[in-house]
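# Residue-level structural notes
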Amino acid sequence: MTTPPTNNAPTQADGVVDWLTNGTRDERFIDNIFAQMCIRLQQAGIPVRRATLHVLINHPQWLGARMMWSDGMREAEIALVDYDVRERSEYIGSAASEIHDGAAEVRERLEQDSTLSRKHALYDEMRAKGLTDYVAWPLYHTLGKRHLVTFATDRPGGFDDAHVAGLKKLLPVLALVSEIRIKNRLARTLLETYVGSHAGELILAGATRRGSGTTVRAAIMICDLRDFTKISDNWPRDDVIDLLNDYFDAMSEPIARHGGEILKFIGDGLLAIFPLHEPNACANLLHAVAEARKAMAALNERNGATGRAPLNYGIGVHVGDVMYGNIGSTSRLDFTVIGPAVNMASRLEALTKQLGRKVLLSRAFAELVEKQFQLEHVGRHEVRGFSDPIELFAYPG
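Residues numbered from 1 in each chain as written. Predicted model: local features only at pLDDT ≥ 70, side-chain atom pairs only at ≥ 80, totals over all residues. Heavy atoms only, no water.

Axis separation between helix α8 (residues 237-257) and helix α9 (residues 281-305) bottoms out at 8 Å; the angle between their running directions is 155°. When the axis of α8 is compared with that of α9, the two are roughly antiparallel. The interaxial crossing formed by α8 with α9 has right-handed handedness. Residues D246, Y247, A250, M251, P254, I255 and R257 of α8 lie in contact with α9, whose contacting residues are A288, E291, A292, A295, M296 and L299. Its residues placed into classes, the contact of α8 with α9 shows 10 nonpolar, no polar and three charged. (Axes fitted to C-alpha atoms, helices over the stretch in contact; angles between N-to-C directions. Helix = DSSP H or I, 4+ residues; strand = E, 2+ residues; numbered from the N terminus. Parallel < 35°, antiparallel > 145°, perpendicular 65-115°, else oblique. Left-handed = near helix turned anticlockwise from the far one by under 90°. Contact = heavy atoms within 4.5 Å. Nonpolar A, V, L, I, M, F, W, Y, C, P; charged D, E, K, R; others polar.)

The structure is reproduced here in structure tokens:
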């Protein structure tokens, strides 16, 4: 790990360095550590009045996060930063942009004539708040990955040499402490992104052995996009990707909002469950379906304005016991659900096209929600893989 050179001579920050090294082992969150560090710096005589920690994160929606602490705060404020930030004025010409471009330090004496200073709204904002000095350094993680930490003061004359020496002495330890916490958060974020929040928690808790799992009673929802093969054959690749992302947004966000868990995307389909330990799980599933229907209608309206044909879909819903756990090869596992109940939901989804219904429900599921929702009885139908005809209901939403 590369870090800026530091002087080993005693500084005002030595006690804070020791605390970072030995006193933060039981603290999970870097924002809490950062706020406490700033308070301890003040107590050590280093006149920090504002500080920020900027970190890059591997997230599908966010480029990074900014933790900001100012005098009197017990906790740091966290703001997420989107991928387009580098195109905006808040980033262009900022200390973050200079550090990103390779600067080893950005120092701005805010007391000097502003006409001689760097031009950026942040510096004007800090001057207006009475701050006198601002310094930013890269925070180096493994393999040269650079994050950013900044400190500002309102002390007349700004930070003196002893203050700067103390702050610099913190950097290597803050880098180590922050990297551990950020990677822990990154592991959790990646698992939540790729396998879902509940499955991610189980995996982090050690549920990684092949064949391990548990029986869960759940409402199962399988959704599939109609005519996707035709679309993917005739549309430009990037348009197909955009279409799938918009479609999955329309379907997925209501599911998550109502307590469902999406276990996987399968091409143009998705598999989600609503575990029945939540008393309103089945009702929540139908509320999610109704919201997804509205979102799809809005998406089709937008697509229609550009000449695209409307998207159609089918949803199959059943309820039952499923095996929830690790399945796969010795070196590649999938955390998913299997069982006859999942097969039934899949067969019902396939029947939606044949029966001309967007949403088909099994009798077992319908019995749990029929007093709350208006359902349409569509008779008994043969279902592939099941010996007896199944009584089905449609949900018009």
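Spatially, β3-β2-β1-β6-β5-β4 is the arrangement adopted by the six strands of the open sheet, whose pairing is antiparallel. The sheet is open, and its two edges are formed by β3 (77-82) and β4 (106-109), each paired on a single side. Across the sheet, the mean angle from the axis of one strand to that of its neighbour is 15°, orientation sign disregarded. As defined by bridge partners, strand β1 (residues 50-56) adjoins strand β6 (residues 146-153) across five bridges and the pair is classed as antiparallel. Bridged to L53 within β6 is V149. Those strands touched by helix α2 (residues 30-43) are β1, β2 (62-70), β3 and β6, and its axis lies near 30° from that of β2. (Pairing = 2+ DSSP bridges.)

Attention now moves to the side chain of E349. With respect to the helices and strands, E349 occurs in helix α10 (residues 340-355). Once residues lying within four places of it in the same chain are set aside, the contact partners of E349 are I222, C223, D224, R226, G314, I315 and G316.

Moving on, we come to α8. Between the first and last C-alpha of α8 there are 30 Å, a value that for 21 residues agrees with the 30 Å anticipated at 1.5 Å per step. Maximum bend of α8: about 25°, positioned at D249. Taken together, the buried positions of α8 are occupied by V240, L243, L244, Y247, F248, A250, M251, S252, P254 and I255. Close packing links the buried residues of α8 with β7 (213-225), α7 (228-234), β8 (261-266), β9 (269-275), α9 and β10 (313-328). Just downstream of α8, G259 is the residue with a positive phi angle, here 90°. (Expected span 1.5 Å × (residues − 1). Bend = angle between axes of the 7 residues up to and from the residue. Buried < 20%, exposed > 50% of the residue type's maximum accessible area, 1.4 Å probe, protein only.)

With respect to the helices and strands, I255 occurs in helix α8. Taking C-alpha positions, I255 is 31 Å from A76, a pair spaced 179 residues apart along the chain. When near neighbours in sequence (up to four residues on either side) are disregarded, I255 contacts M221, G260, E261, I262, L270, A272, F274 and A288.

Here we take up the packing of helix α1 (residues 14-22) against α2. Helix-helix packing is described using two parameters, namely the angle between the two axes and the distance between the axes. At a closest axis distance of 9 Å, the pairing of α1 and α2 adopts a crossing angle of 155°. Judged on the interaxial angle alone, α2 and α1 are roughly antiparallel. α1 and α2 meet at a crossing whose hand is right-handed. When α1 is examined against α2, the residues V16, W19 and L20 are found in contact with a partner set consisting of I33, Q36, M37, R40 and L41. In terms of residue class, the contact of α1 with α2 is built from six nonpolar, one polar and one charged.

A few words on the pairing of β8. Walk down a regular strand and you will see the side chains alternate between the two sheet faces. In terms of strand pairing, β8 meets β9 through five bridges, oriented antiparallel. Counted as the bridge partner of I266 is G269 from β9. Where β8 folds back onto β9 in an antiparallel hairpin, the turn is made up of two residues, including G267, whose phi is positive at roughly 65°.

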